[in-house]
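Per-entry structural report
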Amino acid sequence: MIEFRGVTKRFDDGTIAVNGLDLVVEAGTITVFVGPSGCGKTTSLRMVNRMIDPTEGTVLVDGKDVLTVDPPKLRLGIGYVIQQAGLFPHRTVLDNVATVPLLSGWSKAKARSRAAELLELVGLPAELGKRYPVQLSGGQQQRVGVARALAADPPVLLMDEPFSAVDPVVREGLQDELLRLQAELDKTIVFVTHDIDEAVRIGEKVAVFREGGILAQYAPPAELLVRPADDFVASFVGKDRGYRSLSFVDASGVEVLPAETVRAPAASGGWQLLVDAERRPQGWSGPDGTVVPGGSLYEQGGAIRGALDAALSSPSGLGVVVDTDGRFAGVVEAHQVLDVIESHRG
Ligand SMILES: Nc1ncnc2c1ncn2[C@@H]1O[C@H](COP(=O)(O)OP(=O)(O)OP(=O)(O)O)[C@@H](O)[C@H]1O
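None of the values given here were measured: they were computed from a predicted structure. (Residues numbered from 1 in each chain as written. Predicted model: local features only at pLDDT ≥ 70, side-chain atom pairs only at ≥ 80, totals over all residues.)

Some points on the overall build of the protein
Which entries qualify depends on this criterion: Helical segments are the DSSP runs of H or I of at least four residues, strand segments are the runs of E of at least two, and each set is numbered from the N terminus. Residue burial is a threshold on neighbouring C-beta atoms within 10 Å of the residue's own C-beta, all placed from the backbone, with 20 or more meaning buried, 12 or fewer meaning exposed, and counts in between meaning partly exposed. Each residue gets a C-beta atom placed from its backbone, and two residues are in contact if those atoms lie within 7 Å.
From N to C terminus, the protein includes 12 helices and 17 strands. Counting over 346 residues, the protein shows a buried share of 39%. Counted over contacts in the protein with a minimum sequence separation of 6, partners at least 24 positions apart contribute 58%.

What follows is the structure, encoded as structure tokens:
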């Protein structure tokens, strides 16, 4: 657990970067600090591993005031990942990851075998270990950065805009990877970003900061979207927050209806779904017999946002529902989904 108690940071030039921060990061969770540029996210993060010390107040890690622990010792238990990975350019990938185990006195062989395990854990093929950072893509470098931070198996991980330098598709992949890793590793993670979509996607709790280093709201993502504390949070969270909040509502209650399917181009008269031999949806055949691509697919059990999107994006107006193997399971209509959404409001 990480605790900020009345923490203020005033730099020598008088800038107040963080102002009276009170916040608890629960153990084993991902907490995201989000907010516009210059609102004190990085400064707050760096007060956890003593790269910056507070002017007032106390930061505690597992109940211990960090100011009472020597920085090098403190940092052995706190992994740190930064934007563009910050890898050592003249060391191979494997040696980059092995750095901390070597510093903690492990033999070279043991450190390297641990490093190889970690590369696998973050989804990188072993042969990349021999390369130098410049020979990797941005996304691969970020994975190495995460592997390196995990090398000493620290209970706490601080991540400062770790995925901002990669394109949106790679970024989404890295976010998924982080969620998968976290399900396995159960670390206490503090993640800084200025991207609210990233924050609500990966955070179990999200702290929204505003200018002057003030905490505007600290809540689970669904609550930020549905009940922003004030106009600043509402505008920061964005316009379509009502729709986005549906990512956190489950779709139980939406009845999945059977629909006619065919495996060859359909005869005229109504819409028919085309499926392959495995019953995986392939598109729709329209009333005039032309085949058009299908809309998004809704996997049963997912959030209600997916069900609504499937219905809205389907050329036939029937949202296609699939099972976990991607096989056709039925259809849903937008009005059914909206009825369920309405019933949740009551
Ligand atoms: N060493 C310093 N001396 C003086 N002011 C500083 C120092 N470091 C940061 N600041 C100021 O403190 C404020 C908070 O900075 P911080 O880096 O924590 O913000 P941030 O929210 O992480 O911003 P960004 O998203 O742009 O990284 C800013 O106004 C910044 O200019």
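That was the structure; now back to the text.
Looking at the pairing of strand β9 (residues 205–210)
For the record, the criterion: Strands qualify as paired when DSSP identifies two bridges or more between them.
As paired elements, strand β3 (residues 30–34) and β9 share four bridges and run parallel to each other. Looking at β9, one finds that Phe33 is bridged to Ala207. Of the strand pairs in this sheet, β9 and strand β10 (residues 214–219) are connected by five bridges, and their pairing is antiparallel. Note that in β10 the partner of Arg210 across the bridge is Ile214. Between β9 and the antiparallel strand that follows it, β10, lie three residues; Gly212 among them carries a positive phi value of about 85 degrees.

So, the site of the ligand
Heads up, the condition is: For each residue, a C-beta atom is positioned from the backbone; the residue is called near a molecule or strand if that atom sits within 6 Å of it. Gly falls in the polar group here, along with every residue not listed as nonpolar (Ala, Val, Leu, Ile, Met, Phe, Trp, Tyr, Cys, Pro) or charged (Asp, Glu, Lys, Arg).
Not every one of the 13 residues close to the ligand is listed here, only the nearest: Phe11, Ala17, Ser37, Thr42 and Thr43. By residue number, the principal contributor to the shell around the ligand is helix α1 (residues 41–46), which donates three residues. Each residue belonging to the shell around the ligand can be placed in one class, and the counts come to three nonpolar, eight polar and two charged.

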